[in-house]
Amino acid sequence: MTQSNPPTPPKRLVDRDVHGHTPRGPWAEVAEAQWSDWRWQQRNRLTSLTDFEGLISLTDGERAAFEACSDRFRVAVTPYYATLMSPDDPSCPIRRQALPQPEELEPHPEDRLDPLGEEAYMPVPGLTHRYPDRALLYVTHHCPVYCRHCTRKRKVSDPSSTLAKRQLDTAIGYLRDHPEVRDVLISGGDPLTLSDDRLAAIVAALTEIPHIEVLRLCTRNPVTLPSRLTDDLLDKLAPYQPLLIHTHFNHPAECTPEAARCLRRLADRGFSVANQMVLLRGINDDAERVREVNHWLLRQRCRPYYLFQADLAEGVSHFRTPIETGVEIIRALRGHTSGMAVPHFVVDAPGGGGKIPLVPEYVTGRDDDHLIFENYAGDTYRYPLR
Ligand SMILES: *Cc1c(COP(=O)(O)O)cnc(C)c1O
Ligand code: SF4
């Protein structure tokens with residue numbers, strides 16, 4: 001009998017993005033088993049100025065900002081994410097996302113502690129119910145890496161604000177009592193900082209509620225700690241489909257082979273993965289960067305979903321771009337590249353109005369019975385109104 005091997009897939013479909021490893025820099029000697037163990041990564045996070053001094057040449061401004069900011073909003077970076085930092089370039093997109101910059105201390109008149117009014121729409125602690133049929137549950141306030149642009153700086157990284165077990169039970173009870181909620185986002189902080197069993201128990205409890213039809217798990221671990229998405233964890237979560245994953249890639253430097261393998265593992269296990277990018281000044285505020293990340297995401301079967309205007313959170317204003325920037329990025333993408341690579345550009349209305357989509361204006365006029373509009377290439381067309 002002849003042995004039949006499975007057919008070899010065409011090379012171009014499998015070869016790109018996933019091979020190789022990101023260089024480990026100062027951790028070159030660490031054994032592979034440790035480096036790829038997320039617990040080791042968590043235990044060895046860089047948290048103090050001294051930790052970073054050994055890795056990169058900090059500017060005086062970064063040093064001063066670190067000392068002034070790190071007790072207000074903690075600094076923590078996994079060794080994996082730290083290897084993506086440029087040692088010499090202070091404008092490095094990874095450094096700017098993870099290390100305090102002097103501008104963080106400059107207040108802006110429009111800044112708010114709770115820019116999205118998440119506390120105002122909180123019927124019980126740990127749950128925001130703003131939209132008619134969906135709710136957002138905060139299950140932890142910890143993350144492997146704390147992003148300086150985090151909109152929940154007021155509580156993320158603060159151990160005293162983490163939800164107690166009893167409060168979580170109350171929040172789940174609220175969902176049980178509200179049959180209009182059919183979609184629950186599990187967020188934080190980063191829910192994957194919980195243990196596998198704890199997270200699976202929360203997912204299981206939500207799945208028990210008959211009117212909840214979709215769960216969404218919001219995690220930046222594919223970006224900051226891709227090894228956290230272990231086979232064990234996926235085995236525990238896979239039975240609870242539809243469990244959609246929302247992640248948060250912002251820059252091409254985050255699009256590593258490790259991250260690509262992580263996203264493909266999720267897709268292979270049946271998870272639908274979407275990306276929520278935050279528009280950050282000097283980091284990804286041009287169409288070329290956004291397109292590069294989004295093309296890469298599609299190759300890993302992750303759908304670019306939202307592009308967020310940076311919120312009016314305290315200490316985030318140096319990241320904020322003019323509103324027009326986001327609109328122009330969408331204009332540069334729509335029609336010019338795959339529609340699947342074009343996210344929705346949204347502004348979260350201050351005070352709790354929810355997400356407002358902003359789109360480029362394609363309608364240039366109308367006459368009695370026609371709409372006049374432009375296509376992506378700037379050509380004019382007329383279309384009957386009815
Ligand atoms: C963003 C958000 C959601 C989910 O919004 P979608 O547009 O459905 O992705 C739900 N609740 C709150 C409070 C949110 O901020
Ligand atoms: S991973 Fe998300 S919740 Fe955590 S600091 Fe970053 S943006 Fe905030």
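Placed above this text is the structure.
Residues numbered from 1 in each chain as written. Chains lettered and ligands numbered in written order. Predicted model: local features only at pLDDT ≥ 70, side-chain atom pairs only at ≥ 80, totals over all residues. Heavy atoms only, no water.

> Report on the environment of V18, specifying residues and quantitative values.
Inspection of the secondary structure assignment puts V18 in the loop between α1 (11–15) and α2 (32–35). The exposure class assigned to V18 is buried, which follows from its relative accessible area of 11%. Spatially, the C-alpha atoms of V18 and D285 are 26 Å apart, while their sequence positions differ by 267 residues. Every residue in contact with V18, bar those within four places of it in the chain, is listed here: P257, A260, R261 and R264. (Helix = DSSP H or I, 4+ residues; strand = E, 2+ residues; numbered from the N terminus. Buried < 20%, exposed > 50% of the residue type's maximum accessible area, 1.4 Å probe, protein only. Contact = heavy atoms within 4.5 Å.)

> Describe in detail helix α14 (residues 323–333), supporting the description with residues and values.
Buried residues of α14: T325, G326, V327, I329, I330 and L333, and no others. Lining the buried residues of α14 we find β6 (273–279), α13 (287–299), β7 (302–309) and β8 (344–349). G335 sits one or two residues past α14 and shows a positive phi near 85°.

> Outline the site of ligand 1, listing residues and values.
Every residue lining ligand 1 is accounted for by T128, R130, Y131, R134, L136, L185, R216, Y305, Y306 and K355. Between ligand 1 and R134, the relevant distance is 2.7 Å, taken from an oxygen atom to a side-chain nitrogen or oxygen of the residue. Within the side chain of Y305, one N or O atom sits 2.6 Å away from an oxygen atom of ligand 1. Burial of ligand 1 by the surrounding chains reaches 90%, relative to a free accessible area of 390 Å². Placement of ligand 1 is best described as lying within the largest pocket. Broken down by secondary-structure element, the contributors of at least two residues to the shell around ligand 1 are β1 (127–131), β2 (134–138) and β7. It is β1 that contributes the most residues to the shell around ligand 1, three residues altogether. Within the shell around ligand 1, the residues separate by chemical class into five nonpolar, one polar and four charged. (Near = heavy atom within 4 Å. Polar contact = N/O pair within 3.5 Å; in protein donor to acceptor, adjacent residues only side chain to side chain. Areas by Shrake-Rupley, 256 points an atom, 1.4 Å probe, with all protein chains shown as cover. 1 Å grid on protein atoms, 1.4 Å probe; cavity = no way out; pocket = protein on both sides within 12 Å on 5 of 7 lines; lining within 4 Å. Sits in = over half its atoms within 2 Å of the grid points. Nonpolar A, V, L, I, M, F, W, Y, C, P; charged D, E, K, R; others polar.)

> Describe the layout of surface pockets, with residues and values.
The calculated volume of the largest pocket comes to roughly 980 Å³. The wall of the largest pocket is formed by 43 residues, among which T151, R152, S187, Q276 and F308 lie closest to the centre. The set of elements that each furnish at least two residues to the lining of the largest pocket consists of β1, β2, β3 (183–187), β4 (214–218), β5 (243–247), β6 and β7. Of the residues contributing to the lining of the largest pocket, the split by class is 20 nonpolar, 13 polar and 10 charged. For the second largest pocket, the calculated volume is near 290 Å³. (Points joined across faces, edges and corners; volume = space filled by probe spheres on them.)

> Kindly report on the packing of helix α8 (residues 165–176) against helix α9 (residues 196–207), identifying the contributing residues and their values.
Relative to each other, α8 and α9 sit at 25°, their axes nearing to 10 Å. By the criterion of interaxial angle, the relationship of α8 to α9 is roughly parallel. Regarding α8 and α9, the two cross each other, and that crossing is right-handed. Across the interface between the two elements, K165, L168, I172 and L175 from α8 touch R198, I202, A205 and L206 from α9. Split by residue class, the contact of α8 with α9 holds six nonpolar, no polar and two charged. (Axes fitted to C-alpha atoms, helices over the stretch in contact; angles between N-to-C directions. Parallel < 35°, antiparallel > 145°, perpendicular 65-115°, else oblique. Left-handed = near helix turned anticlockwise from the far one by under 90°.)

> Would you mind going over the packing of aromatic side chains in detail, with residue names and values included?
Per the stated rule, a full pass over the model turns up eight aromatic pairs. Where F249 meets W296, the ring centres are 5.2 Å apart and the plane angle is 55°; that geometry is what we call tilted. Of the two residues, F249 is situated in the loop between β5 and α12 (257–268) and W296 in helix α13; the sequence distance between them amounts to 47 residues. (Phe/Tyr/Trp six-rings, centres within 6.5 Å; stacked < 30°, edge-to-face > 60°.)

> Give me the side chain of H248: which residues, what numbers.
Relative to the helices and strands, H248 resides in the loop between β5 and α12. Reaching out from H248, the side chain makes a polar contact with the side chain of H149 at a distance of 3.3 Å. One polar contact links H248 to N250, side chain to side chain, over a distance of 3.1 Å. When sequence neighbours within four positions are dropped, the list of residues in contact with H248 reads H149, T219, R220, V223, E254, N275, Q276 and V278.

> I'd like to hear about the nonpolar core, residue by residue, with values.
In this structure, F52, Y81, M85, L175, L206 and F271 are the most contacted members of the largest nonpolar core, which totals 80 residues. If you count residues domain by domain, this core takes at least three from each of domain 1 (15–105) and domain 2 (127–357). Setting aside residues no more than four positions away along its own chain, F52 makes contact with L46, T47, L58, F66, V75, V77, M85 and L99. (Core = buried A, V, L, I, M, F, W, Y, C linked by side-chain atoms within 4.5 Å. Domains from an automatic or database assignment.)

> How would you sum up the site of ligand 2? Please name residues and give values.
Neighbouring residues of ligand 2: C143, Y146, C147, C150, V156, G189, R220 and H248. Of all the cavities here, the one that holds ligand 2 is the largest pocket. Counted by class, the shell around ligand 2 contains five nonpolar, two polar and one charged residues.

> Tell me about the pattern of salt bridges, residues and numbers included.
Two side chains carrying opposite charge are able to pair once their charged atoms lie near each other. Per the stated rule, a full pass over the model turns up 24 salt bridges. Between K165 and D169 there is a salt bridge; the shortest N-O distance is 3.1 Å. Taken together, the residues span about one helical turn, with K165 and D169 both in helix α8 at a distance of four residues. Given a relative accessible area of 40%, D169 falls into the partly exposed group. Among the charged side chains, a salt-bridge network with shared partners connects D133, R134, R182 and E213. (Salt bridge = Lys/Arg side-chain N within 4 Å of Asp/Glu carboxyl O.)

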